[in-house]
Structures are given as C-alpha cells and as structure tokens.
Amino acid sequence: MQLSVVILNYNVRYFLEQCVLSVQEAIVAIDAEIIVVDNNSSDESVLMMKEKFPDVKLIENKENFGFPKGNNIGVRQAKGKYICILNPDTVVAEDTFTKILAFAERQKNLGIVGCKLIDGTGEFLPESKRGIPSPWVAFTKIFGLYKVFSKTKLFNQYYAQHLDENETGEVDILVGAFMLLKKELYEDLKGFDEDCFMYADDIDLSYRALQKQKANFYFHETTVLHYKGESTIKDEKYMKRFQEAMNFFYQKHFKKSLFFSFFIQIGTWFFSFVKMFQGKTGIKPNPELHVFYSLNEDLSHKIALILKNKVQFLKIPKEKMVNSCLIFKGKNVEIILDNQYISFKKCIEIIETIKDKSITFKVLPKNTHFIIGSNSRNDRGQIIKIE
C-alpha cells in the first residue's frame, strides 16, 4: 500500500465529514487507506463515520488522548509506505496526494513534506513553512519583528520567509495539519512525543527528522484548505500555550536558558497588554447577498428560505467560473459552492483566487445536507443545515 491518511478527530463532526469526502476523492487512483481516530468525541462523529463511511478504518478512543498519542495510535495500524497526518478541518484537492507523492518519490533523503495551506477566507497560512524556533527566532515572533523586517534574514526566520509561498524548497519545520512522511521514518522517530505540549508536537517531530540528517520540504504545487479553529485565537491563552510549547522544546533539545524563560514571559505579558487595546478580531457583517454556484436552481430557493436572505443562482460556466466570481470583489456577498458539480480542487482555487475582505465562502459538500465554511481563522467556522 502506498499511502495511509491518518485523521485525528475531536468534536468536529461536520468538518470531518467534508474532510473524509475530499480525501476519498483524492485517493481514487492511489493504493491508499483512510484511518480516522476519534478522541472520545461527544458530537456524533463516530455515528456519522459508521453510517456514511463504513469502509473507513475507525478507531474509537475511550478518552481524549491528545494530538500526539491519538496520531501515534492511528499510525500503528497504518499499512502504507507513506503516512499523511491530516487535520479533520481540512479539505484536500483531488490531485493533492498524487502530486505530493510524486514529489516525495523523487527525493533521496526525504524527511517530512508539507504543502501550501490557506484558511477559509483564502489567505495563506504562514505556518505552512517555518524555521527552527531558536531563542532569537522565537523573540522575533513574539514581538512581531518578523512582520516589520520581513525581508531581513536576521528577523524573518520564524515563518521561513526566505522561501516564497509559491516556491517549493527545503524548510526546517512543518505544521501538523498536513505532514507527509514515510512510515519507516515515523517509526524511526518513534512518532510524536506524547509528553509534548500543544503547539510543539509538530515542531519537535520536524526537528528530530532534521537530526536524522533528513531534508524537510515545503511543497507549493498543491493547496489545502485549513479552517483552523478557536484554538488559534491570538489571546492570552494562546500565548500561554505558545510559552509552554517553547519551554518544552528547549528543555528537550537545548540547554535550559533562564534568559529565554525571562524574555518569553515578558513577551507574553507584552502581547496580552497590546491585545487589551486592540480589542477582539472584527466580525464580518452579514452578507447582503448570497450567491449559489450550482446546476441545481431548485436548491437555491430552498437555501434562500433557510438563510432568510436573497440568494442569486448562478449556473456554473465551467471554464469561466473564477472570472465570473471576480465580479463580486468589493461587494458584501457570500459565495456558496456546490461540490456536487464543482470539484474540491476548484472550490479551493476559487477561494484562493478571489480572496477579498468583503467576500465570505461556504461549501455544500456533495451528498450532504449542510453548508460549511469559516469567515475567520479565529473561530471554529459555521455550519448551516439545509435538511
């Protein structure tokens, strides 16, 4: 078997369903399997998997073991030559695995491969590629120096800004939302460190691959949608987790540094102080108009009744879909993409190409009765049932 896709789920039932649907489409031409590990969800995720995806290998944990242990449990049952660690709040394109596996096979000393990630608004997620968070690099992250001096090597290493988002190349650290590596290497590394704090497990695994003299890569030729979630809200809680993650990483791999502990604590206070005056992330206003891209005009009327808003039906012009969507740039609209007639790859392409502050996006996954999406990388997204 060539590939095992391991998806660790915890209480994101609808995102998981869309994710599995997209992965199924992406492995049609590959000898591959999907393994879903559920960390004792309470939202009927397990029931949904059994009813809708009976052929997918499902592991039901009786407690929430966390990210590292949950994934390790899944990988132990994997049969593939390659492992892909994939978040449940992601959507892959139909050719994602074909492309990235072909790239992986060409490498002679492969470590871990990551890909280009965008959020639900189409914005590039800079954590798709990162550098080793040395004390200095972590300092530039906490105090935002990487933004001010993004072109300067001394300051731009945290998000590996030496490499453009549309350029494939070697990087040090990949993000746990999408990591592809050989199972042999995963086992050699003994998987994720189960003593790891949140936000450090992917850093730690990437770094240990480098210690094995392996080359980690950022691969830009496929884009994956990653909705992220409330755990990424940049508040005091986030900074506390970041602090814990960095402390774990340094205690494990470097000499304990009182200087580092001091400045990261100062940075946490500084960050929290700034946030007090910035206020919360702005909430986008309700759309004045919904635009439904589909071939099913009857369904647009049903959606209008559910949303209690005007829905403009646009019949899909397959060759000009992106161009026709561009006419809405600058207008307060929400575009709903019908995956029954629009591939996941095309949905991702539209969201990435049209990204605009005034436009929001939702997807109606094929063979489902809900619309799903996220208007901000700082929330868990929105689910609208259309049954």
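Residues numbered from 1 in each chain as written. Predicted model: local features only at pLDDT ≥ 70, side-chain atom pairs only at ≥ 80, totals over all residues. Heavy atoms only, no water.

### Considerations on the overall build of the chain
The helix and strand tally for the chain stands at 13 helices and 15 strands. Taking all 387 residues of the chain together, the buried fraction comes to 56%. Across the chain, contacts joining residues at least 24 apart in sequence account for 75% of those joining residues at least 6 apart. When the accessible surface of the chain is split by element, carbon and sulfur atoms take 52% of a total near 17,800 Å². (Helix = DSSP H or I, 4+ residues; strand = E, 2+ residues; numbered from the N terminus. Buried < 20%, exposed > 50% of the residue type's maximum accessible area, 1.4 Å probe, protein only. Contact = heavy atoms within 4.5 Å. Areas by Shrake-Rupley, 256 points an atom, 1.4 Å probe, with all protein chains shown as cover.)

### Some details on the pairing of strand 12 (residues 333-338)
Looking along a regular strand, one sees the side chains alternate between the two faces of the sheet. Most of strand 12 is tucked away: six of the six residues are buried. The alternating pattern of strand 12 places Val 333, Ile 335 and Leu 337 and Glu 334, Ile 336 and Asp 338 on opposite faces, both of which are buried. Handedness of the crossover joining strand 12 and strand 13 (residues 359-364) through helix 13 (residues 344-354): right-handed. (Right-handed = clockwise from strand over helix to strand, strands pointing away.)

### Quick word on the environment of Ile 118
Within the secondary structure, Ile 118 sits in strand 6 (residues 110-118). Since its relative accessible area comes to 1%, Ile 118 is described here as buried. Sequence separation of Ile 118 and Val 224 is 106 residues, and the distance between their C-alpha atoms is 6.4 Å. Here Ile 118 is in contact with Glu 123, Phe 124, Leu 125, Thr 223, Val 224, Leu 225, His 226, Ile 348, Ile 351 and Glu 352, once residues within four sequence places are set aside.

### Quick look at the pattern of salt bridges
Think of it this way: side chains of opposite charge can pair up when their charged atoms draw near. All told, the structure shown has 19 salt bridges when counted by the stated rule. With a shortest N-O distance of 3.6 Å, Lys 183 and Glu 187 are connected by a salt bridge. Residue Lys 183 and its partner Glu 187 are both found in helix 7 (residues 183-188); the two are separated by four residues, about one turn of the helix. For Glu 187, a relative accessible area of 48% puts it in the partly exposed group. Each of Asp 193, Asp 204, Arg 208 and Lys 252 takes part in one network of salt bridges that share partners. (Salt bridge = Lys/Arg side-chain N within 4 Å of Asp/Glu carboxyl O.)

### Description of the packing of aromatic side chains
Note on aromatic pairs: each is described by the distance of the centres and the angle between the planes. Scanning all chains against the criterion turns up eight aromatic pairs. Between Phe 103 and Phe 219, the ring centres sit 4.9 Å apart and the planes meet at 35 degrees, which makes this aromatic pair tilted. Of this pair, Phe 103 sits in helix 4 (residues 96-106) while Phe 219 sits in strand 9 (residues 215-226); the two residues are 116 residues apart in sequence, bridging distant segments of the chain. Judged by relative accessible area, which is 7%, Phe 103 ranks as buried. A ring pair is formed by Tyr 158 and Tyr 159, whose centres lie 4.8 Å apart and whose planes are at 85 degrees; its orientation type is edge-to-face. By relative accessible area, which is 9% here, Tyr 159 ends up buried. Three or more aromatic residues link up through ring pairs in this structure, and these residues are Phe 67, Tyr 186 and Phe 192. The side chain of Arg 13 reaches across the aromatic face of Tyr 14, ending 4.1 Å from its centre. The residue whose ring lies beneath Lys 69 is Phe 65, and the NZ or CZ to ring-centre distance is 4.2 Å. (Phe/Tyr/Trp six-rings, centres within 6.5 Å; stacked < 30°, edge-to-face > 60°. Lys NZ or Arg CZ within 6 Å of the ring centre and 35° of its normal.)

### Some details on the pairing of strand 6
Strand 6 sits mainly inside the fold: nine of its nine residues count as buried. Pairing between strand 6 and strand 9: seven bridges, direction parallel. Residue pairing for strand 9: Leu 117 is matched across the bridge by Val 224. (Pairing = 2+ DSSP bridges.)

### Thoughts on unusual backbone geometry
Although it is not a glycine, Glu 44 sits at a positive phi angle of roughly 70 degrees. The backbone of Lys 308 shows a phi angle near 55 degrees, a positive value even though the residue is not glycine. Counting through the fold element by element, Lys 308 comes out in the loop between helix 11 (297-307) and strand 11 (311-315).

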